Amino acid sequence: MGHGMLKGRLAVLMFLQYAAMGAWFVSFGSYMSKSLGFDSVIGLAYGSQGVATIISVFFFGTLADRYIQTQKLLAISFLLSALSLLAIATLKLDVQAFLFLVFLHFLTFIPTIPLANSLCFHWLPNPASQFPRIRALGTVGWIASGLLVGGIAGAAQSSLPLLIAAAGNLLLAGYSLTLPATPPRMFW
């Protein structure tokens, strides 16, 4: 694969990854309040991201460093995060089950950020100068998905942003498997 083609593929990864998160993250509190009546746990739902980050980065980092190729671990993570979002969006849940699934989503999605960064750093010949431009496409993806959701009347109060994000994560699961094989670090 040519260098220019690889940079483009990594930029697509960043765009889609942040678009998937941006589709639902900002409007999630509105959905919890207006559609579910879970006003009292909005802070807990968003706060579970921090706890999930602490746990998942160590666990997924160890898997990527020792056992599983990065692109395969990305695919697994995106698939699990898509399934958790689908469950949140479609199942009738009590508050505890809802919060558990939100935590599960963060537990599986958040590690995709350092995993994708690691994959980029591994394949870019000069990551210090090339990565910032590729990563900037993630910000563009976040903004684009936010504009999409914001442009649909009533979407923020519905499960539609979650469904859009789940579809994006499913797409990312498949796309990750087409990325260059990136062996665990212990084999580099």
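All of the points below concern the structure found in this document. All of these numbers come straight from a predicted model, not from anything done at the bench.

### Let's talk about the packing of helix H4 (residues 70–90) against helix H6 (residues 112–123)
- Their axes nearest at 10 Å, the elements H4 and H6 cross at an angle of 155°. Classified by the interaxial angle, the pair formed by H4 and H6 is roughly antiparallel. Here H4 runs over H6; the crossing is left-handed. Between H4 and H6, the residues in contact are Thr 70, Gln 71, Leu 73, Leu 74, Ser 77 and Phe 78 and Thr 112, Leu 115, Ala 116 and Leu 119, respectively.

### Considerations on the packing of aromatic side chains
- Throughout the structure, instances matching the rule amount to 13 aromatic pairs.
- Ring centres of Phe 28 and Tyr 46 lie 6.0 Å apart, and the angle between their planes is 80°; on these two criteria the pair is classed as edge-to-face. With Phe 28 in helix H2 (residues 28–36) and Tyr 46 in helix H3 (residues 42–66), this residue pair connects regions lying 18 residues apart in the sequence.
- A relative accessible area of 2% places Phe 28 in the buried class.

### A look at helix H8 (residues 160–176)
- Along its 17 residues, H8 runs 24 Å from first to last C-alpha, staying within 8% of the 24 Å computed at 1.5 Å per residue.
- Buried within H8 are the following residues: Pro 161, Leu 162, Ala 165, Ala 166, Gly 168, Asn 169, Leu 172, Ala 173, Tyr 175 and Ser 176.

### Things to note about the packing of H2 against H3
- Their axes nearest at 10 Å, the elements H2 and H3 cross at an angle of 150°. One way to sum up the angle between H2 and H3 is to call them roughly antiparallel. Remark: the crossing between H2 and H3 carries right-handed chirality. Seen from H2, the contacting residues are Phe 28, Gly 29, Met 32 and Ser 33; seen from H3, they are Ile 42, Ala 45 and Tyr 46.
- Of the residues contributing to the contact of H2 with H3, the split by class is five nonpolar, two polar and no charged.

### Concerning the side chain of Ser 77
- In this structure, Ser 77 sits in helix H4.
- Ignoring sequence-local partners within four residues, the contact set of Ser 77 consists of Phe 60, Thr 108, Thr 112 and Leu 115.

### Side note on the environment of Gln 71
- One can find Gln 71 in helix H4.
- For the pair Gln 71 and Leu 177, spaced 106 residues apart in the sequence, the C-alpha separation amounts to 5.9 Å.
- Those residues in contact with Gln 71 that lie beyond four places of it in its chain are Leu 119, Ser 176, Leu 177, Leu 179, Pro 180, Ala 181 and Thr 182.

Parameters at a glance
Residues numbered from 1 in each chain as written. Predicted model: local features only at pLDDT ≥ 70, side-chain atom pairs only at ≥ 80, totals over all residues. Heavy atoms only, no water. Axes fitted to C-alpha atoms, helices over the stretch in contact; angles between N-to-C directions. Helix = DSSP H or I, 4+ residues; strand = E, 2+ residues; numbered from the N terminus. Parallel < 35°, antiparallel > 145°, perpendicular 65-115°, else oblique. Left-handed = near helix turned anticlockwise from the far one by under 90°. Contact = heavy atoms within 4.5 Å. Phe/Tyr/Trp six-rings, centres within 6.5 Å; stacked < 30°, edge-to-face > 60°. Buried < 20%, exposed > 50% of the residue type's maximum accessible area, 1.4 Å probe, protein only. Expected span 1.5 Å × (residues − 1). Nonpolar A, V, L, I, M, F, W, Y, C, P; charged D, E, K, R; others polar.

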